[in-house]
Amino acid sequence: MTDVKLGLVGLGVMGSNLALNIVDNGFPLAVYNRRMDVTEQFMQDAGPLAGRLHATESPEALVARLTAPRAIIMMVTAGAAVDSVIASLLPHLDPGDIIIDAGNADFNNTRRREKELADQGVRFVGMGVSGGAEGARNGPSIMVGGAPEAYARIQDAIEAIAADYEGESCAAHLGPDGAGHFVKTVHNGIEYADMQIIAEAYGLMRSAGKTPDGMAKVFQDWNKGALKSYLIEITAEVLAAKDPGTDQPMVDVILDRAGQKGTGRWTLIEALKLGQSASTIEAAVGARSWSSQKELRVQGETILDKATDHAPNLSDNDLEKALLAARIIAYAQGFSLLAEASDHFAWSLDLARTAEIWRAGCIIRAALLDDISDAFRGEMQGGNLMFAPSFAARMAETVPSLRKVVAEAAMAGQPSPAFASALSYFDTMHTGRGTAALIQGQRDFFGEHGFERVDREGDGFHGPWVKQPG
Ligand code: NDP
């Protein structure tokens, strides 16, 4: 009987593709899915690869089919299903076995699960996988967290199945416990922001009268320059597509109500807990929520006077530069959040390596990531990506266009929350003396909260509105 060390639970969209990728790379794999009909169909569809796959009928049978020390990848719905699968495997496992959660877990759960399993002698690895179904099958970007010794045991297989960027694997062990899932969450947050700014650019072009076909050409052009990325590429394809039923542009027949599964929201929650604000990601998550209030917006159209008939007057070049500026800012905020979490949880995250493993396989893969990893490897000054000399120069080149875009959008009554929050963040970051002195004065006035002074050490100073003791 073939010696099989690797198992996989969950043959849904991601799990089935990841399983085929694993065996395609020469690693025999035992698989189990809760619904057996799904397993049977998967084995039928696997064609010649079925020879390296070993279907099993229960968690117990899966464990029995594997030679210890075992490594079992879970690719199931995030949340309670993960705990339920762990509970079904645990009684059959031996100390030293590894469970790998490859779904989109909340990293707080990953930290909890790692501790709980450690008590039982079982290793737990939290592994973020990005790239959708296509990535899972042909090479995703893989962000791993957990004990380095546990990763060392599965490293060969994980690096082999990951995307390849100029000969380097887009898989890396980034830190202990929840580090991998945290990085994946922030990856998704940046993805939300990038998708939103692209959608805002589309909205501005549409308001100015451009057709979907015309916009598709613009996005195709942009994909040849500094904006080159998977999301710009697929935007051009979505805009060019026609609905086979009506021959209308596909984008015109899609209802403008966007869904979300939670990773964008998790990014915000964690940012706020760490005393940060990833405002472009906040804007993107908020815009999806507003999009879901379709009935309200339709009602608002008949009630609210937008008090402008100005059409946005922007060149493609201005929009391109504004997109680049806002994209850099979204990355700057995402990496600041990673740096803060790394300090807080003592993860020692390698930000350059993180940027490197996002260069292929994942949804936010973009030409810009090469420059970001270079900045973190070399020229980075202070704590913000925008302060690296090459990025400061790019901001100087692109922010004037971002200003124009935000101003034109405002004058035209065209919502642009992500562009606007990107610009506000930039403007805050170059303002040495901000406006919080007044906030502190107000807080002291109504709550005697005290403040620091610019001319003396210490805190707890009060204004003349507070009755001084004595
Ligand atoms: P699917 O809905 O396609 O598959 C879900 C899988 O989970 C099925 O195999 C299902 O089994 C199994 N499952 C659900 N509940 C349980 C349970 N209680 N016990 C045992 N098995 C259960 O999901 P995806 O493949 O899309 O997603 C899997 C994970 O990957 C999620 O965490 C998702 O967020 C993440 N992810 C998804 C991406 C995507 O593009 N789809 C991209 C990156 C990550 P059954 O067939 O029996 O119902």
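Quick look at the structure, then. Residue indices follow the written sequence of each chain, beginning from 1 at its first position. In keeping with the predicted nature of the model, local features appear solely for residues at pLDDT of at least 70, side-chain atom pairs appear and are counted solely at 80 or more, and the whole-chain, interface and lining totals rest on all residues. Just so you know, side-chain values use all the structure's heavy atoms and leave hydrogens and water out.

## Quick notes on the site of the ligand
Logical step 1: In these notes, residues near a molecule or strand are those with any non-hydrogen atom within 4 Å of it. In the vicinity of the ligand lie 21 residues, with Val 13, Met 14, Asn 33, Arg 34 and Asn 104 positioned nearest.
Logical step 2: Under this definition, polar contacts are N or O atom pairs within 3.5 Å; protein pairs additionally need one hydrogen-donor-capable and one acceptor-capable atom, and for neighbouring residues in sequence, both atoms have to be side-chain atoms. With respect to the ligand, the side chain of Asn 33 contributes an N or O atom lying 2.7 Å from an oxygen atom.
Logical step 3: Of all the elements in the fold, those that place two or more residues in the shell around the ligand are helix H1 (13-24) and helix H4 (80-89). Elements are defined by DSSP. Helices are runs of H or I of four residues or more, strands are runs of E of two residues or more, and each kind is numbered from the N terminus.

## Re a nonpolar patch on the surface
Logical step 1: Each patch is built from salt-bridge-free residues with over 30% relative accessible area, joining like charges within 9 Å and nonpolar side chains (Val, Leu, Ile, Met, Phe, Trp, Tyr) within 5 Å. Calculation of accessible area relied on Shrake-Rupley with a 1.4 Å probe; when residues are assessed, cover is drawn exclusively from the protein chains displayed. Salt bridge, as used here: a side-chain nitrogen of Lys or Arg that lies within 4 Å of a carboxyl oxygen of Asp or Glu. A cluster of nonpolar residues, Phe 445, Phe 446 and Trp 465, forms a patch on the protein surface that exposes about 400 Å² of accessible area.
Logical step 2: Here Trp 465 shows up in the segment after helix H20 (436-447).

## Focus: unusual backbone geometry
Logical step 1: Cis geometry marks the peptide bond from Ala 68 to Pro 69, where omega comes out at -5°.
Logical step 2: In this model, Asp 247 sits at a positive phi of 65°, which is unusual for a non-glycine residue.
Logical step 3: Assignment of secondary structure puts Asp 247 in the loop between helix H10 (230-240) and helix H11 (250-253).
Logical step 4: Per-residue accessibility, obtained with a 1.4 Å probe over protein chains only, is compared with the maximum for each type, and a residue is labelled buried under 20%, exposed over 50%, and partly exposed between these values. Using a relative accessible area of 57% as the deciding quantity, one classes Asp 247 as exposed.

## A word on the environment of Ala 346
Logical step 1: Tracing the chain through its elements places Ala 346 in the loop between helix H15 (316-345) and helix H16 (351-357).
Logical step 2: In this structure Ala 346 comes out as exposed when scored by relative accessible area, which is 59%.

## Here's the deal with the packing of aromatic side chains
Logical step 1: Any pair of Phe, Tyr and Trp rings, taking the six-membered ring for Trp, is counted once the centres come within 6.5 Å. Such a pair is stacked with planes under 30 degrees apart, edge-to-face with planes over 60 apart, and tilted for the rest. A full pass over the atoms with the stated rule returns 10 aromatic pairs.
Logical step 2: Judged by centre distance (6.4 Å) and plane angle (25°), the rings of Tyr 331 and Phe 335 are stacked. Of this pair, Tyr 331 and Phe 335 both sit in helix H15, four residues apart, which is roughly one turn of that helix.
Logical step 3: Under the relative-accessibility criterion, Tyr 331 is labelled buried at 0%.
Logical step 4: By relative accessible area, Phe 335 is classed as buried at 2%.
Logical step 5: Ring-pair connections join several aromatic residues into one group, and the members of that group are Phe 107, Phe 182, Phe 345 and Trp 347.
Logical step 6: Only when the NZ of Lys or the CZ of Arg is both within 6 Å of the ring centre and within 35 degrees of the ring normal is a charge said to sit over the ring. Lying over the aromatic face of Tyr 192, Arg 288 brings its terminal NZ or CZ to 3.7 Å of the ring centre.
Logical step 7: Over the ring of Phe 391 we find Arg 394, and its NZ or CZ is 5.8 Å from the ring centre.

## Points about the environment of Thr 77
Logical step 1: Within the secondary structure, Thr 77 sits in the loop between strand S4 (71-74) and H4.
Logical step 2: Residue classification places Thr 77 among the exposed residues on the basis of a relative accessible area of 61%.
Logical step 3: Sequence spacing of Thr 77 and Gly 103 is 26 residues, and the spatial spacing of their C-alpha atoms is 6.9 Å.

## Remarks on the sheet that holds strand S6 (residues 123-130)
Logical step 1: Being paired, for any two strands, means DSSP has found at least two bridges between them. Read from one edge to the other, the open sheet built from eight strands follows the order S3-S2-S1-S4-S5-S6-S7-S10, with strand pairing classed as mixed. Edge positions in the open sheet fall to strand S3 (53-55) and strand S10 (171-175), since each of these has one partner strand only. In this sheet, neighbouring strand axes are inclined to one another by 25° on average, regardless of whether the strands run parallel or antiparallel.
Logical step 2: Across the sheet, H1 lies against strand S1 (6-9), strand S2 (29-32), S3, S4 and S6, angled at about 165° from S1, the strand it touches most.
Logical step 3: Only heavy atoms enter the contact rule, under which two residues are in contact if any of them lie within 4.5 Å. In this analysis, axes come from line fits to C-alpha atoms, helices being fitted only over the stretch in contact, and the angle between any two N-to-C directions falls in the range 0 to 180 degrees. Along the sheet, helix H7 (residues 148-161) contacts S1, S4, strand S5 (98-101), S6, strand S7 (141-145) and S10; its crossing angle with S10, the most-contacted strand, is approximately 155°.

## Some points on the packing of helix H13 (residues 279-292) against helix H19 (residues 417-429)
Logical step 1: Direction vectors running N to C along H13 and H19 enclose 160°, while the axes themselves pass 8 Å from each other. Between H13 and H19, the angle is such that the two are roughly antiparallel. Our pair here, H13 against H19, has a crossing hand that is right-handed. Only Pro 417, Ala 418, Ser 421, Ala 422 and Tyr 425 of H19 make contact with H13, whose side of the interface consists of Ser 279, Thr 280, Ala 283, Ala 287 and Trp 290. For classification, angles of less than 35 degrees are called roughly parallel, those exceeding 145 degrees roughly antiparallel, those between 65 and 115 degrees roughly perpendicular, and all remaining angles oblique. The crossing is said to be left-handed when, going from far helix to near helix, the turn is anticlockwise and less than a right angle, and right-handed when the turn is clockwise.

## A short note on the pairing of S5
Logical step 1: With burial as the criterion, each face of S5 is covered, one bearing Ile 98 and Ile 100 and the other bearing Ile 99 and Asp 101.
Logical step 2: Bridge analysis of S4 against S5 gives four bridges, and the strand direction is parallel. Its bridge partner lying in S5, Ile 73 is registered against Ile 100.
Logical step 3: Here is how to tell: hold the view so the strands point away, follow the path from the first strand over the helix to the second, and if it runs clockwise the crossover is right-handed. Where the polypeptide runs from S4 across H4 and back to S5, its parallel neighbour, the crossover connection is right-handed.
Logical step 4: Pairing of S5 with S6, which is carried by four bridges, proceeds in the parallel orientation. Within the sheet, the bridge partner assigned to Ile 99 lies in S6 and is Phe 124.
Logical step 5: Taken together, S5, helix H5 (residues 107-118) and S6 form a β-α-β motif whose crossover is right-handed.

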